[in-house]
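Summary of the model geometry
The chain contents come next:
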Amino acid sequence: MQSRSGDASGPDQHGRPANPCTIVIFGSSGDLTKRKLIPALYNLSKGKLLPKEFAIIGFARSEGSDAAVREQLAKDIREYATGAVDPRLWNWFEERLHYVGGNFNDPKSYEKLKEALAKADKQHGTRGNYLFYLATPPGLFAEIVQQLGNAGLTAEENGQWRRVIVEKPFGRDLDSARALNGAIGGTLSENQIYRIDHYLGKETVQNILVFRFSNGIFEPIWNRQYIDHVQITVAESVGVEQRAGYYETSGALRDMVQNHLFQLLALIAMEPPISFEAEAVRDEKAKALRSVQPISPEDVLKCAVRGQYGDGMIGSNAIPAYRSSPGVNPSSNTESFVALKLFIENWRWAGVPFYLRTGKAMKRRVTEIAIQFKRAPHVLFRGTEAEHVPANFLVLHIQPREGISLSFQAKVPGPVVRAGAVDMEFEYSKYFGSDPTTGYETLLYDCMLGDATLFQRADTVEVGWQVVTPILDVWAALRARGFPNYAAGSWGPDEAAELLEQDGRAWRKID
Ligand code: BG6
């Protein structure tokens, strides 16, 4: 992200090639590597943001060789690249791809990796700077970090850096997240740990900071005096698909709310940081999340709604119920939908509800943050009743549409004074064109520069878990009644609408 400063390498590094380094991808035979990481790194090389002195080492259980990995990834990139692949550039890229087959818990495998890293340093001039990307099942995170430490691969000496990107899920509750922080913190210092949340890699999510803190006109009204409430919607039109093994142990609250939705919430609610230094931004985000009013077990029933989809249609496609998906327990209690009402207890937000909802198999794929302003205090126009004047909404459209819109009242042309709702719209693609990306480019590039602004700090992850713990506990103790309670292709269960109706509000209509 431009205009943010990194570590000792300095802010002016952004926009220039990253420092020489080797990236090791643990679990390189998985989907993430071919779908996101390699296309993202390829895009960085296209944008001249990778250093010339660069290498990638895949590490996975299966036997393999540099040649086999190059052949496989050359096929995959044709399928998953976000644009045309330039054969000359791919050749350059491919020469830097290597592979080590080994066991994640075998010290000998890490000795092999150490040799491969030393070889890459010689062959590609990568100078002993290593980025380890943990794209494995979460059960292996602590083990890999410990093995790396034992093999002497995490110590930063002679100006060399060693960093570790940890994929989600980061724990499955507060205790396990604390234990994981403790385990990896025994080997790495906090500034070597980059906990990824891919929502922070999305351009429009990063834009929230720029929008709020580069414009003088919004911040003065960004508070309880002018804002009635905030709605955060992350709706997916896909169902659980082939991921039942993971999803059955997770559910929407763990999978989406504790991380992605809370990151959005923090960016909307945080105070202005004193600078765009990583720690300054992350301090404010952590403070915002720490201010979320704790939910008592009794409140869970009032301010948290869970849902699970049944059979339904999305467009012309028939979607089978969650419980009939492959690998799902036919009487599963796992929620595929969550809606919450939260309050942030501080001077800026006291009394302003934040309504959050996320679900799978919903009508449309849409992520947006809608800020509803308070209504005009007094209505001057004849025949218009105050309660019929629609409120102003500022909507930050995150995906698939990327932009910002503001709805307000304007006079409908004609001799009678009548007000009608209109929209002022900004579309990203119209102003800046649209260069498709994977969403991982900025995150990988920032990590190579040592800029942790867009990564989660230990305390933020833990406070996220702290907020959801009472809900997890109550939901684990009380089986959901009436599952499935929403049809695939709808906007979720009726209770989610009631959550707002009981406050005299409604979810913004998304067309
Ligand atoms: C992942 C979740 O973190 O985010 C998935 O594990 C979900 O269940 C995905 O589908 C959504 O990401 P995006 O970028 O498609 O909104």
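Residues numbered from 1 in each chain as written. Predicted model: local features only at pLDDT ≥ 70, side-chain atom pairs only at ≥ 80, totals over all residues. Heavy atoms only, no water.

1. Brief notes about the overall build of the protein chain
Definition in use: Each helix corresponds to a stretch of at least 4 residues labelled H or I by DSSP, and each strand to a stretch of at least 2 residues labelled E; elements are numbered beginning at the N terminus. Restricting the calculation to C-alpha atoms gives the radius of gyration, and the globule rule supplies 2.2 Å times the number of residues raised to the power 0.38. Each accessible area value is a Shrake-Rupley result obtained with a 1.4 Å probe; residue values ignore everything except the protein chains displayed when judging cover. Charged residues are defined here as Lys and Arg on the positive side and Asp and Glu on the negative side; His and the ends of the chain fall outside this count. To locate a charge, take atom NZ for lysine, CZ for arginine, CG for aspartate or CD for glutamate.
Along the backbone of the protein chain there are 15 helices and 18 strands. In terms of overall size, the protein chain behaves like a compact globule, its C-alpha atoms giving a radius of gyration of 24 Å where 511 residues would be expected to give roughly 24 Å. Dimensions along the principal axes, computed over C-alpha positions, put the protein chain at roughly 80 × 50 × 45 Å. By element, 52% of the accessible surface of the protein chain is carried by carbon and sulfur atoms, the whole surface being about 23000 Å². Once the 58 positive and 61 negative side-chain charges of the protein chain are each reduced to a mean point, those two points are 3 Å apart.

2. Description of the side chain of Thr-334
Condition: Relative accessibility under 20% of the residue-type maximum defines a buried residue, over 50% an exposed one, and the middle range a partly exposed one, all with a 1.4 Å probe and only protein chains included. In protein, a polar contact requires one atom able to donate a hydrogen and another able to accept it; more generally it is a pair of N or O atoms within 3.5 Å, and residues adjacent in sequence count only if both atoms are side-chain atoms. What makes two residues a contact is simply this: any of their non-hydrogen atoms within 4.5 Å.
Tracing the backbone shows Thr-334 in the loop between β11 (317-319) and β12 (337-343). Residue classification places Thr-334 among the buried positions, given a relative accessible area of 9%. A polar contact is formed between the side chain of Thr-334 and the side chain of Glu-248, at a distance of 3.1 Å. Non-local contacts of Thr-334, meaning those with residues more than four positions away in its chain, are made with Tyr-247, Glu-248, Gly-251, Gln-308, Tyr-322 and Phe-483.

3. Considerations on helix α9 (residues 252-269)
Let me state the cut-off plainly: Each helix should span, by expectation, one fewer than its residue count multiplied by 1.5 Å. Each residue is assigned a bend, namely the angle between axes fitted to the seven residues that terminate at it and the seven residues that start at it.
The terminal C-alpha atoms of α9 lie 22 Å apart, and with 18 residues this falls more than 12% below the ideal 26 Å at 1.5 Å per residue. Where α9 bends most, the angle comes to about 35°, and this point is Phe-262. Judged by how many residues are buried, α9 sits mostly within the fold: 18 of 18 residues are covered.

4. Thoughts on the sheet that holds β12
Strand pairing in a sheet takes place through backbone hydrogen bonds and is either antiparallel or parallel in direction. Put simply, the rule reads: Only strands that DSSP links by at least two bridges are regarded as paired with each other. Angles shown run from 0 to 180 degrees and are taken between the N-to-C directions of axes, each axis being a line fitted to C-alpha atoms and, for helices, limited to the stretch in contact.
The strand order across the open sheet built from eight strands is β8-β12-β13-β7-β14-β15-β16-β17, with neighbouring strands paired in mixed fashion. The outermost strands of the open sheet, each flanked by one partner alone, are β8 (304-307) and β17 (418-427). Strand-to-strand twist in this sheet, taken as the mean axis angle between neighbours without regard to direction, amounts to 15°. Relative to strand β13 (residues 353-359), strand β7 (residues 227-235) is paired through six bridges, and the arrangement is parallel. What sits directly across from Gln-231, in β13, is Tyr-355. Each of β14 (366-373), β15 (393-399) and β16 (403-412) is contacted by helix α7 (residues 203-213), which is oriented at about 145° to β15, the strand it contacts most. Contacts from helix α15 (residues 494-501) reach β7, β8, β12 and β13, with the element oriented near 15° to β12.

5. A word on a negative patch on the surface
Using the following cut-off: Patch definition: residues above 30% relative accessible area lacking any salt bridge, with like charges linked at up to 9 Å and the nonpolar side chains Val, Leu, Ile, Met, Phe, Trp and Tyr linked at up to 5 Å. We count a salt bridge whenever a side-chain nitrogen from Lys or Arg sits within 4 Å of a carboxyl oxygen from Asp or Glu.
A surface patch of like charges, here negative, comprises Asp-494, Glu-495, Glu-498 and Glu-501. As for its position among the elements, Glu-495 is in helix α15.

6. Notes on the site of the ligand
This is how the line gets drawn: Whether a residue is near a molecule or strand is decided by its heavy atoms; if any one of them lies within 4 Å of it, the residue is near. Gly is placed with the polar residues, together with every amino acid not listed as nonpolar (Ala, Val, Leu, Ile, Met, Phe, Trp, Tyr, Cys and Pro) or charged (Asp, Glu, Lys and Arg).
The local shell around the ligand consists of Lys-168, His-198, Tyr-199, Lys-202, Glu-236, Arg-243, Asp-255, Met-256, His-260, Lys-360, Arg-365 and Gln-399. Glu-236 places a polar side-chain atom, nitrogen or oxygen, 2.5 Å from an oxygen atom of the ligand. Notes on the ligand: free accessible area 390 Å², of which the protein chains cover 80%. Residue composition of the shell around the ligand, by class: two nonpolar, three polar and seven charged.

7. Comments concerning the pairing of strand β4 (residues 130-134)
So the rule is basically this: By convention, orient the strands away from the viewer: a clockwise path from the first strand over the helix to the second makes the crossover right-handed.
Of all five residues making up β4, five are buried, and the element is well covered by its neighbours. Where strand β1 (residues 21-26) and β4 come together, five bridges link them in parallel fashion. Bridging from a neighbouring strand, Val-24 pairs with Phe-132 of β4. By the bridge criterion, five bridges tie β4 to strand β5 (residues 162-166) in an arrangement that is parallel. Residue Leu-134 lies in a different strand from β5, and its bridge partner there is Val-166. Crossover β4 to β5 through helix α5 (residues 141-150) is right-handed.

8. Some remarks on the nonpolar core
Note the threshold: Only buried Ala, Val, Leu, Ile, Met, Phe, Trp, Tyr and Cys residues count toward a nonpolar core, and they belong to the same one when joined by side-chain atoms within 4.5 Å.
Counting residues in each nonpolar core, the largest one holds 152 residues, and the members touching the most others are Phe-26, Leu-113 and Met-448. Per-element tally for this core: the top contributor is α9, with twelve residues. Aside from chain neighbours lying at most four places away, what touches Phe-26 is Phe-59, Phe-104, Tyr-110, Leu-113, Phe-132, Tyr-133, Leu-134, Ala-135, Thr-136, Ile-144 and Leu-148.

9. Topic: the packing of aromatic side chains
Convention followed: When two rings of Phe, Tyr or Trp (its six-membered ring) have centres within 6.5 Å they constitute a pair, described as stacked for plane angles under 30 degrees, edge-to-face for angles over 60, and tilted for the intermediate range. Our definition puts a charge over a ring when NZ of Lys or CZ of Arg is within 6 Å of the ring centre and also within 35 degrees of the ring normal.
For the coordinates displayed, the defined rule picks out 24 aromatic pairs. Ring geometry for Tyr-309 and Tyr-486: centres 6.2 Å apart, planes at 65°, overall edge-to-face. You can see Tyr-309 sitting in strand β9 (residues 309-310) and its partner Tyr-486 sitting in strand β18 (residues 486-487), a full 177 residues away along the chain. By relative accessible area, which is 2% here, Tyr-309 ends up buried. Tyr-486 sits in the buried class, given a relative accessible area of 4%. What links up through ring pairs into an aromatic cluster is the set Phe-26, Phe-59, Phe-104, Tyr-110, Tyr-130 and Phe-132. Residue placement shows Arg-163 over the ring face of Trp-161; its charged tip is 3.9 Å from the ring centre. Above the ring of Tyr-199, the side-chain terminus of Lys-202 is found at 4.6 Å from the ring centroid.

10. With respect to the packing of helix α1 (residues 31-46) against helix α13 (residues 441-449)
Rule in force here: Oblique is the label for any angle not covered by the other classes, which are roughly parallel (under 35 degrees), roughly antiparallel (over 145) and roughly perpendicular (65 to 115). Less than a right angle of anticlockwise turn of the near helix away from the far helix marks a crossing as left-handed, whereas a clockwise turn marks it as right-handed.
Two numbers describe how α1 lies on α13: the axes approach to 9 Å, and their chain directions differ by 70°. For the element pair α1 / α13, the angle class is roughly perpendicular. Of the two elements, α1 crosses α13, and the hand of that crossing is right-handed. Here Leu-37, Pro-39, Ala-40, Leu-41, Asn-43 and Leu-44 of α1 lie close against α13, whose contacting residues are Glu-441, Leu-444, Tyr-445 and Met-448. Residue classes in the contact of α1 with α13 are distributed as eight nonpolar, one polar and one charged.

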